[in-house]
Structure formats: C-alpha cells, structure tokens
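Residue-level structural notes
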Amino acid sequence: MITIYHVEERRSERVVWLMEELGLPYELVFVNGDLLGSLKKITEQHPLGYAPTVRDGDIVLVESGAILEYIMARYGGGRLSVPPESADYPHYVQWFHLAEGSVAFRLIVEFIIHGFGPNPDKKSPMASHLRGGARKIMDLAESAVASRPYFGGQAFTAADIMMHFCVRMARLWKMDFSAYPAMTAWYEKVTQRPAFKRMCEVSLPNGTTTGLIDWGMEASDW
Ligand SMILES: N[C@@H](CCC(=O)N[C@@H](CS)C(=O)NCC(=O)O)C(=O)O
C-alpha cells in the first residue's frame, strides 16, 4: 500500500491523480485545511518536508516526477508512460521532465524576480536576462499541444499530469492565456477526466484556497 503525504493543492495532487488513473489503492495523509499541519506530518517522514512524499513499506521517496515513474514502473505495468520504441517517446520524456525541471523552475524564477521590485537588476545582474523565460517555455508548450493532442503524444500520459500543475500555477499567477488556445483546450480536456475529478474530491475536500490568494502577479508582469 502506497501512502501519499499530501498538502492540499500542491504537487502531491499529481500522485493522487496518477493513482486514480491507474486504479491503484493508496492511503492519503494530510490535515484538512491546515497547510502547516500537513507539512509537519511530511517532515516526520522525510527531512526535506516536501509535498509529495510517498512511503512504500520501508521506502520513502520524494520528487513528484521520480515518484510517478516509480509507481508506473513498479505497480502500473508501464501504463500512462510511453515505451522508448514508440514514436511518441521523445515528446513524452521531454515534457515529463521539462515540467518540473524548467517550467515550474522558470515560473518561480519570474515570481521571485517580480518580488525584487522595480529595479530587479540591483538585486541580481541576471534579473533582466531571466525575465521572459517562462513565456518562452509556455510558447513552446502551446506549440506542443497545438500539434498533437497531449504533451506525451497521441494519448493522455503522466507527462500531462506533470504539466497540469505548472499550467495551473501560471494561470493562478495571472499569465495571460488568451495567446494559448491549444493549451487552454488541453487544460479543459484533462480536467474533465473522471480520475482528475476523483483526485479533486479526495485531495481537496474544501475546494480551492490557493485560487483565492492574491499572489501579487498581474498579466503585465509576464
Ligand atoms: N520538485 C519538487 C518540488 C516539491 C515542492 O517544492 N513542493 C512544495 C509544494 S508544491 C512544498 O512542499 N513546499 C514546502 C517547502 O518547500 O517547504 C517535486 O516536484 O516534488
């Protein structure tokens, strides 16, 4: 039995969504409505104290992408991944890793630079250079789902689960998606999946809180 240590509306929802898609049993641990309480439970399992953290018997794993790969390979019979011999494999492997390695990273970089205020180069000489990086990646993401139905190619895969959190983060931070019709259609499509809806019911019983926060970002900041 996999135990998922969860924080509401955070990356641990990727693991819950995957388990629901695969129809695998799991135990979900979090303190409803209490972000810090949930994080405390995670810290009892692992010194990094991140969501997601997962326990499988004696094994404790962190890093959402690694956790998804572990579950698909060990318990999912490879479902929701793409085998290397498939023509879709390069798309799948790139977007699966790009999601956390570059998309989430670049979004957070812009968020931090925004916090530097009106003269960001005074804080870091790289600030102006880094600005616009998230947009470039989102342009790439738009062209990906404009040319094929899903990030991983022709079928829904774990690459879509990885990318969903990033796209949601960009939308929460008010990136203007009017220039991204393919990504908007992809987002609508994947959030209609029954497993996504079950994930929301179990992992977010009180509904959104992060969606209600003023993050201080405006469309013009991107
Ligand atoms: N790259 C990591 C990021 C993990 C992460 O930063 N999780 C956030 C929630 S989405 C968290 O737990 N933050 C609390 C903290 O950093 O202490 C992953 O994909 O698992």
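Scope of this entry: the structure provided in the associated data block. (Residues numbered from 1 in each chain as written. Predicted model: local features only at pLDDT ≥ 70, side-chain atom pairs only at ≥ 80, totals over all residues. Heavy atoms only, no water.)

Another aspect to go through is the site of the ligand. Every residue close to the ligand is listed here: Arg10, Arg11, Arg14, Leu39, Tyr50, Ala51, Pro52, Glu63, Ser64 and Glu100. One of the backbone nitrogen or oxygen atoms of Ala51 is found 2.8 Å away from an oxygen atom of the ligand. In this structure, Ser64 approaches the ligand through a side-chain N or O atom, which is 2.6 Å from an oxygen atom. Compared with its free state, where it exposes 510 Å², the ligand has 73% of that area covered by protein. (Near = heavy atom within 4 Å. Polar contact = N/O pair within 3.5 Å; in protein donor to acceptor, adjacent residues only side chain to side chain. Areas by Shrake-Rupley, 256 points an atom, 1.4 Å probe, with all protein chains shown as cover.)

Here we take up the sheet that holds strand 2 (residues 26–29). Spatially, the 4 strands line up as an open sheet ordered 2-1-3-4, and their pairing is mixed. Both edges of this open sheet fall to strand 2 and strand 4 (59–62), since each of them pairs with a single strand only. Averaged over all adjacent pairs, the angle separating strand axes in this sheet is 20°, with direction ignored. When strand 1 (residues 2–5) meets strand 2, the two strands line up parallel, connected through 4 bridges. Across the sheet, residue Tyr5 finds its bridge partner in strand 2, namely Val29. (Pairing = 2+ DSSP bridges. Helix = DSSP H or I, 4+ residues; strand = E, 2+ residues; numbered from the N terminus. Axes fitted to C-alpha atoms, helices over the stretch in contact; angles between N-to-C directions.)

To continue, consider the nonpolar core. With 59 residues, the main nonpolar core has Ile71, Leu107, Phe151, Met183 and Trp186 as its most contacted residues. Elements that contribute at least two residues to this core include exactly strand 1, helix 1 (12–22), helix 3 (64–75), helix 4 (89–115), helix 6 (133–147), helix 7 (158–172), helix 8 (181–190) and helix 9 (194–203). A per-element tally of this core places helix 7 first, with 10 residues. Excluding residues that lie within four positions of it along the chain, Trp186 makes contacts with Val145, Pro149, Tyr150, Phe151, Asp160, Met163, His164 and Val167. Ranked by size, the runner-up nonpolar core spans 5 residues in total, among them Val7, Val29, Ile42 and Ala51. (Core = buried A, V, L, I, M, F, W, Y, C linked by side-chain atoms within 4.5 Å. Buried < 20%, exposed > 50% of the residue type's maximum accessible area, 1.4 Å probe, protein only. Contact = heavy atoms within 4.5 Å.)

For the peptide bond that leads from Ala51 to Pro52, omega is 5°, which places it in the cis range. Relative to the elements of secondary structure, Pro52 occurs in the loop between helix 2 (35–43) and strand 3 (53–56). For Glu9, which is not a glycine, the phi torsion comes out positive at approximately 65°. Position of Glu9 among the secondary structure elements: in the loop between strand 1 and helix 1. Classification of Glu9 by relative accessible area gives buried; the value is 7%. Here the phi dihedral of Glu63 falls at roughly 85°; this positive angle occurs in a residue that is not glycine. Within the secondary structure, Glu63 sits in the loop between strand 4 and helix 3.

Further remarks concern the packing of helix 6 against helix 8. Viewed as axis vectors pointing N to C, helix 6 and helix 8 meet at an angle of 65°, and their least axial separation amounts to 7 Å. The angle between the axes of helix 6 and helix 8 places the two elements in the roughly perpendicular class. The two elements helix 6 and helix 8 meet at a crossing, and its hand is left-handed. Between helix 6, through Met138, Ala141, Glu142, Val145 and Ala146, and helix 8, the contact on the second element is made entirely by Pro181, Ala182, Met183 and Trp186. A per-class count over the contact of helix 6 with helix 8 returns 8 nonpolar, no polar and 1 charged. (Parallel < 35°, antiparallel > 145°, perpendicular 65-115°, else oblique. Left-handed = near helix turned anticlockwise from the far one by under 90°. Nonpolar A, V, L, I, M, F, W, Y, C, P; charged D, E, K, R; others polar.)

The next subject is the pairing of strand 4. Relative to strand 4, strand 3 is paired through 4 bridges, and the arrangement is antiparallel. Directly across from Arg55, in strand 4, lies its bridge partner Val60. Counting the residues that bridge the hairpin from strand 3 to strand 4 gives 2 residues, and of these Gly57 lies at a positive phi of roughly 65°.

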